[in-house]
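# Overview (structure and organization)
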Amino acid sequence: MSEEASPTHTICPYCGVGCGVELDTESGLDLTGWHDNPVNDGSLCIKGMSADEIVEHEDRLTQPLVKGDDGEFHETSWETALSRVVTEIEDIVETHGPNAMAFFASSQLTNEVNYLYQKIARQLGTNNVDNCARLCHSSTVAALNQAVGRGAMTNSMDDLQEADVYWIQGANPAESHPVAFNNYFKQAASDGTFVIQIDPHENKTTRDADLHIANEPGTDIPLLNAVLKTILEEGWYDEAFIEERTDGFDELREHLATVDREAAAAEAGVDLDDLETAAERYATADRAAIFTGMGMSQHRCGTDNVQNLINLALATGNFGEPGTGVNPLRGQNNVQGNSDVGGLPGVFPGYQSVDDPEARDHLADVWGFEPPAEPGLTHVEVAHSGGDQIHGAFVLGENPVMSEPNNDEIVAGFERMDFVVAQDVFMTETAELADVILPAASWAESYGTVTNTDRRVQLMRPIETVYENTRRDFEIINEIGDRLFDEHWSYDGPEDAFEELREAAPIYRGLTYDRIDPDGLRWPCYDEDDDGLEYLYEDSFATPSGRGQFRGVGHTPPAEEPSEEYPFILTTARIEQQFNTGAMSTRSDLLNRVAPENFVDIHPDDAEELGIEDGDDVRLRSPRGEIELTAQVTDATQPGVLWTTFHYSDAPVNKLTNDALDPVSKIPEYKAASASAGEVAVEPVETTMVAEAEDD
Ligand code: SF4
């Protein structure tokens, strides 16, 4: 393994911005920003600054564990744990077939680990491998793949500074991607880029917006249809671009002929004047860029939501130049890479479709076996199939019990399985349900590559030692592959696996460890003379025809409507100071000091009607469960809308959320229905209950 003398240069384990950090191990562990890293120039947000706290945290798993007949975990040896894992997988495959196993790939681990991991699934004979992109941006990936050919940011953080207008819909980069926002986009806004933000909730990004349009949750399609129709009626579309580079414009025009702009604006709960201003600013700008986030993707119509943003960019010719495109800022630090290397049930490494015979032939040449052709099950489908189709699950550095909607159903699904193995740094709600737990090394101890939100592949170097009796994820997965497949499995280390990945995935072919160290390179990168692309689609799109695809979409309201019993819409989102299911971030003293507990935003009118005051404990209920939270009375949220986060295990909001799925992307509707769409009852917690809790 290639190691550096201290300080070690690696990548922040949290979000997809991919900031570089330096770890000095001369006396203890000291973390600072990596000043020469081209992504962040040494800047870090509060999460990045705290990431060293988890490396030697007292909660770290330090020994392999097996669950005994008494239901308790007992320490065991690596040999016993690994041999049990391999035997159980082999038994399940032999008894029920390979599609009885499911694999949860990890977007906080390297490309090399996830590449080997998805290969284990495929070598066993199943495509049941999925990652957390399913829960955040699978709709975005699906829409981009269909319409323009690649499920990734079209542009880069660098070139997006050249935009004259930012259209930010359903995203809050100031909190979710702080260094990207502060170092790149906020700077551009200060220099004159006009910022349009469309979001039901007022948030930190709103402070830098020139125009904030607060629509009702789940109304993005009618809102965008009104914008598109305005652009067509005013003649602000780019006729030459549409003619030369797109298909389907006439069908879109016919579809929009059925749209009544006033009615669409009213349905979205916004002023038509504001939509007209936004439409003119965006469509008449020289260069305009769209940012999209989970406010768009996490709906049962998430794919249609993002398609309508793509319609907007295609109609105005905003693709293929710096400062344009449709740009999803990605969540976990390697969620882009995990998908790139095949941690998805419908595609192999490099987004080669599982039902493409040429792709399977190509991979048969590289791998020595033909991978399966039938698409696998997705995240939520796996848990719902527990005990039915799915008899065993391997959960690698993920926590689906906390992150998936309608938690109680997810727990029940895992409990119905015959065997569950969890590989993680800490005990999680999912690991609690496992039969075997494999204690993994942390991010600082990992060696390999990660791919950030703008497709930049960077090298993570490890500190010299691993904690107690843990092992690096690559070592564990490689050992399991070796035991399962014997002479048909052989890797000397991460770089060896990366070399095979280059063969398997053409978009990575030109990348080598030498070439990406230290500044990284972006894919697509087809050979070693290729420096990768800052922005995509300069001459043509990556669709089979090379042309962008319009598709008109109609309104699909949230799956649950407000009712007398559940009169609120519940929506969930992220805050700057915590991260995802909190497995890492809620173990940081720094982060817990600034964001100690979950809360729910309630509009002052609703609070007054319910007799709730700021700071009160309140009970939230949905048709699926109930939790208690602290009320934050604020007009940042709208009347009738409850807004909260999902980071805290002691107030697991996903007990309430709805598992209605988008039919294309299979993403759950976290945003506008969940326990929701007005189907949440809020009531003050009884005073006596609070007193009892305090006595405890
Ligand atoms: Fe880490 Fe993201 Fe913060 Fe950068 S912006 S320090 S990658 S959490």
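Everything numeric in this text was worked out from a predicted model, so none of it was measured. (Residues numbered from 1 in each chain as written. Predicted model: local features only at pLDDT ≥ 70, side-chain atom pairs only at ≥ 80, totals over all residues. Heavy atoms only, no water.)

The next thing to look at is the environment of leucine 501. You can see leucine 501 is positioned in helix α21 (residues 494–504). For leucine 501, a relative accessible area of 1% puts it in the buried group. Residues leucine 501 and alanine 278 lie 223 residues apart in sequence; the distance between their C-alpha atoms is 44 Å. (Helix = DSSP H or I, 4+ residues; strand = E, 2+ residues; numbered from the N terminus. Buried < 20%, exposed > 50% of the residue type's maximum accessible area, 1.4 Å probe, protein only.)

The 5 strands lie next to each other as β10-β9-β8-β12-β13, forming an open sheet whose pairing is parallel. Looking at the sheet topology across the chains shown, the edges are occupied by β10 (211–213) and β13 (326–328). When the angles between neighbouring strand axes are averaged without regard to direction, this sheet yields 20°. As judged from the 5 bridges shared by strand β8 (residues 165–169) and strand β9 (residues 194–198), these two strands associate in the parallel manner. Paired with valine 165 across the bridge in β9 is phenylalanine 194. Here helix α8 (residues 220–234) sits on the sheet and contacts β8, β9 and β10; the angle it forms with β8, its principal contact strand, is near 155°. The sheet contacts of helix α12 (residues 272–284) involve β8, β9, β10 and β12 (288–292), and relative to β10 the element is tilted by about 130°. (Pairing = 2+ DSSP bridges. Axes fitted to C-alpha atoms, helices over the stretch in contact; angles between N-to-C directions. Contact = heavy atoms within 4.5 Å.)

The next point concerns the domain arrangement of the protein chain. A common way to express how large an interface is: the accessible area buried when the components associate. For the protein chain, the assigned domains are domain 1 (8–54), domain 2 (65–133 + 333–442 + 463–522), domain 3 (138–328) and domain 4 (569–691). Both faces combined, the contact of domain 1 with domain 4 buries some 920 Å², and carbon together with sulfur accounts for 72% of it. Of the residues belonging to the side of domain 1 that touches domain 4, the class tally is 5 nonpolar, 1 polar and 2 charged. (Domains from an automatic or database assignment. Buried area = accessible area lost by both parts, 1.4 Å probe. Nonpolar A, V, L, I, M, F, W, Y, C, P; charged D, E, K, R; others polar.)

Backbone torsion omega between aspartate 517 and proline 518 reads 10°, so that peptide bond is classified as cis. As for its placement among the helices and strands, proline 518 is situated in the loop between α22 (513–516) and β21 (521–522). With an omega of 0°, the peptide bond between tryptophan 523 and proline 524 qualifies as cis. Locating proline 524 in the fold gives a position in the loop between β21 and β22 (548–549). Phi is positive for arginine 455, which is not a glycine, with a value near 70°. With respect to the secondary-structure elements, arginine 455 resides in the loop between β19 (448–451) and β20 (456–460). Even without a glycine there, the phi angle at tyrosine 537 is positive, about 70°. Along the polypeptide, tyrosine 537 turns up in the loop between β21 and β22.

It is at 9 Å that the axes of α8 and helix α14 (residues 302–315) come closest, and there the two elements cross at 15°. Classified by the angle their axes make, α8 and α14 are roughly parallel. As α8 runs across α14, the sense of the crossing is left-handed. In this structure, α8 uses Asp220, Ile221, Leu224, Asn225, Val227, Leu228 and Ile231 to contact α14, whose residues at the interface are Asp304, Asn305, Asn308, Leu309, Asn311, Leu312 and Ala315. Along the lines of polarity and charge, the residues of the contact of α8 with α14 split into 8 nonpolar, 4 polar and 2 charged. (Parallel < 35°, antiparallel > 145°, perpendicular 65-115°, else oblique. Left-handed = near helix turned anticlockwise from the far one by under 90°.)

Once that is clear, we can look at the site of the ligand. Around the ligand, the neighbouring residues are Cys12, Tyr14, Cys15, Gly18, Cys19, Leu44, Cys45, Lys47, Gly48, Pro178 and Val179. Breaking the shell around the ligand down by element, the ones donating at least two residues are α1 (46–50) and α7 (178–190). Split by residue class, the shell around the ligand holds 8 nonpolar, 2 polar and 1 charged. (Near = heavy atom within 4 Å.)

With that settled, the discussion passes to the pairing of strand β1 (residues 8–11). Where a strand is regular, its side chains alternate between the two sheet faces. Here β1 shows two buried faces, one formed by Thr8 and Thr10 and the other by His9 and Ile11. When β1 meets strand β2 (residues 20–24), the two strands line up antiparallel, connected through 4 bridges. Residue pairing across strands places histidine 9 opposite glutamate 22, the latter belonging to β2.

Right, let's talk about the nonpolar core for a bit. Counting 64 residues, the largest nonpolar core has Val85, Phe103, Ile120, Phe394, Leu438, Ile480 and Tyr508 as its most contacted members. Considering each element in turn, this core owes the most residues, 8 residues, to helix α2 (residues 78–96). In contact with leucine 438, other than residues within four places in its own chain, are Trp78, Ala81, Leu82, Val85, Phe394, Val421, Ala422, Gln423, Asp424, Ile476 and Ile480. Core analysis: the next-biggest nonpolar cluster, separate from the first, contains 52 residues, Val148, Leu232, Ala279 and Tyr282 among them. (Core = buried A, V, L, I, M, F, W, Y, C linked by side-chain atoms within 4.5 Å.)

Moving on to α21. At 3.6 residues per turn, the α-helix brings residues three or four places apart onto the same side. Listing the buried residues of α21 in full gives Pro494, Ala497, Phe498, Glu500, Leu501, Arg502 and Ala504. Where α21 is buried, its residues meet α3 (111–124), β15 (352–353), α16 (357–367), β19, α20 (473–485) and α22.

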